[in-house]
Amino acid sequence: MPDLPAHASPALPPIFTPEIQTPMRIPSELNLNRMHDHAQPQPIRSRKPLPPLITPAITPPNTPSRGQDDQLRLHSLPVYDSGVSTPSQAALVESLPIVECVVRARIPTTTGQEMFLHLYTNDVDNKEHLAIVFGSNIRSRSLDAPRPGESERDRMIRGAYVGRLHPGRTSSRLEQLRREEGGGPTSAPRQINEPSSSSNSSVDGADESTDPDEPQPPLVRIHSECYTGETVWSARCDCGEQLDEAARLMQVSGGGVIVYLRQEGRGIGLAEKLKAYNLQDLGNDTYEANLLLRHPADARSYGLATSILVDLGMGGQRGIRLLTNNPDKVRAVEGPNREIVVRERVPMVPLAWQGKRGVNSEEVDKYLSTKVGLQSVGVHTWDDS
Ligand SMILES: Nc1nc2c(ncn2[C@@H]2O[C@H](COP(=O)(O)OP(=O)(O)OP(=O)(O)O)[C@@H](O)[C@H]2O)c(=O)[nH]1
């Protein structure tokens, strides 16, 4: 086995294959030498040349990094720091989808930390979107809600339990844990929260509590599936690294949520993304390749993420800190009525830019420079900091 990056996970196949059906086109249908009739603001080639990527000049002085003081060093930016309209702007939904967490399970991870994987269904597609939850204080309202006729065992099997499961446990509820600990109603472990029925949630699912031990809003990452970057060691993008890094930051800062959306390849699906890679090898950049394949530059939307975050009690004025380099995501994730409030945007600086071991290749440099150029993401913002 070659020396693989930290995020490489050779053993596991993907859980789900995107079901996007796109008519196959033969290459001769595509004019690879000119852009088609997609109205775009500006030909990409005419943009100002970008600076070389791996340079200390654009390395932010103060960014997420590997160390014990991550909580202190997380570098946030104003959330609406980009008024620039770009071809990558995410679609805004008019109303929020309905989501339901159907099962949750504890997953011990290879780093020694635990997370709770929440699997969601919804009313807009038939994909299994996920929430990866670090910390035991974040609970799903729809999971905890009672189901007609279910037994305590049923509740435990679908993950609607408090605390931890153990052989012989018979109740999903907090009372049994308290009894087992031999204490009264107040002796439950501090980190175990009651389900929403008895918590201080407001009617819309928003948790208005202010915990003095959690002075900052929780960290959230909205991550779009990337089979190539997360499973088969691709160095064409930094998706695997970003997923690992988000998980690490949530572990060291005491909790958070990664909403993992099944919108592979910026929403065009794996087959089309692989064609886009071939177009990139023929000289086009990531956005041009999408357009040549007659896809939008970015076909993703984030309404499901908003609904999942509301279900996890992240609505309300306390807000969240969003880990992203993409300013477009901020407004998209907040939802049509600002159901989620993004208090801060925390950039995710590629590890290689921080002088650390991370994804490093000619292809990832091109990919990142295209992103930086089109999303007005990071260069000037980080430089200014
Ligand atoms: N169509 C297409 N999709 C890609 C390509 N490379 C990566 N992706 C997909 O892009 C998605 C990640 O989106 P990005 O635009 O890189 O990042 P972002 O989510 O907008 O911004 P961040 O929050 O900063 O990561 C994943 O779903 C990848 O599968 C590519 O060359 N073409």
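For the structure, check the block above.
Source: prediction; values computed, not measured.

Rules used throughout
- Residues numbered from 1 in each chain as written.
- Predicted model: local features only at pLDDT ≥ 70, side-chain atom pairs only at ≥ 80, totals over all residues.
- Heavy atoms only, no water.
- Near = heavy atom within 4 Å.
- Polar contact = N/O pair within 3.5 Å; in protein donor to acceptor, adjacent residues only side chain to side chain.
- Areas by Shrake-Rupley, 256 points an atom, 1.4 Å probe, with all protein chains shown as cover.
- Helix = DSSP H or I, 4+ residues; strand = E, 2+ residues; numbered from the N terminus.
- Nonpolar A, V, L, I, M, F, W, Y, C, P; charged D, E, K, R; others polar.
- Disulfide = S-S within 2.5 Å.
- Buried < 20%, exposed > 50% of the residue type's maximum accessible area, 1.4 Å probe, protein only.
- Core = buried A, V, L, I, M, F, W, Y, C linked by side-chain atoms within 4.5 Å.
- Contact = heavy atoms within 4.5 Å.
- Pairing = 2+ DSSP bridges.
- Axes fitted to C-alpha atoms, helices over the stretch in contact; angles between N-to-C directions.

## Some words on the site of the ligand
Here is step 1 of the chain: Taken together, the neighbourhood of the ligand is formed by 24 residues, with Arg266, Gln280, Thr324, Lys329 and Tyr367 sitting nearest.
Here is step 2 of the chain: Measuring from an oxygen atom of the ligand, one finds a backbone N or O atom of Asn325 at 2.8 Å.
Here is step 3 of the chain: At a separation of 2.9 Å, an oxygen atom of the ligand approaches a polar side-chain atom of Lys371.
Here is step 4 of the chain: Within the complex, the protein chains bury 99% of what would otherwise be the 650 Å² of accessible surface of the ligand.
Here is step 5 of the chain: At the level of elements, strand S4 (219-224), helix H6 (239-252), helix H7 (270-281), helix H8 (286-292) and helix H11 (362-375) are the ones that each hand at least two residues to the shell around the ligand.
Here is step 6 of the chain: Considered class by class, the residues forming the shell around the ligand number 5 nonpolar, 11 polar and 8 charged.

## Describing the state of the cysteines
Here is step 1 of the chain: Counted under the stated rule, the structure contains 0 disulfides.
Here is step 2 of the chain: Between Cys237, a cysteine without a disulfide, and Cys239, which holds the nearest cysteine sulfur, the sulfur-to-sulfur distance is 3.5 Å.
Here is step 3 of the chain: Look at Cys237 and you get buried, because its relative accessible area is 3%.
Here is step 4 of the chain: Owing to a relative accessible area of 11%, Cys239 belongs among the buried residues under this scheme.

## Observations concerning the nonpolar core
In globular proteins that are soluble, nonpolar side chains generally tend to be buried together.
Here is step 1 of the chain: Counting 31 residues, the largest nonpolar core has Ile222, Val257, Val259, Leu309, Leu312, Met314 and Ile320 as the members making the most contacts within it.
Here is step 2 of the chain: Those elements giving two or more residues to this core turn out to be strand S1 (99-108), strand S2 (114-122), strand S3 (129-134), S4, strand S5 (256-261), helix H9 (303-311), strand S6 (320-323) and helix H10 (327-334).
Here is step 3 of the chain: With 5 residues, H9 is the largest single contributor of residues to this core.
Here is step 4 of the chain: Once residues lying within four places of it in the same chain are set aside, the contact partners of Ile320 are Pro217, Pro218, Val220, Leu309, Met314, Ile340, Val341, Val342, Arg343 and Glu344.

## Examining the sheet that holds S4
Here is step 1 of the chain: Pairing in this open sheet of 7 strands is mixed, and the strands run S1-S2-S3-S5-S4-S6-S7 from one edge to the other. What marks the edges here is a single partner per strand, and that holds for S1 and strand S7 (342-346). Strand-to-strand twist of the sheet, defined as the mean angle between neighbouring strand axes without regard to direction, takes the value 25 degrees.
Here is step 2 of the chain: Of the strands in this sheet, S3, S4, S5 and S6 touch H6, which is tilted by about 160 degrees from S4.
Here is step 3 of the chain: H10 contacts S4, S6 and S7 of the sheet and is inclined by roughly 155 degrees relative to S7.

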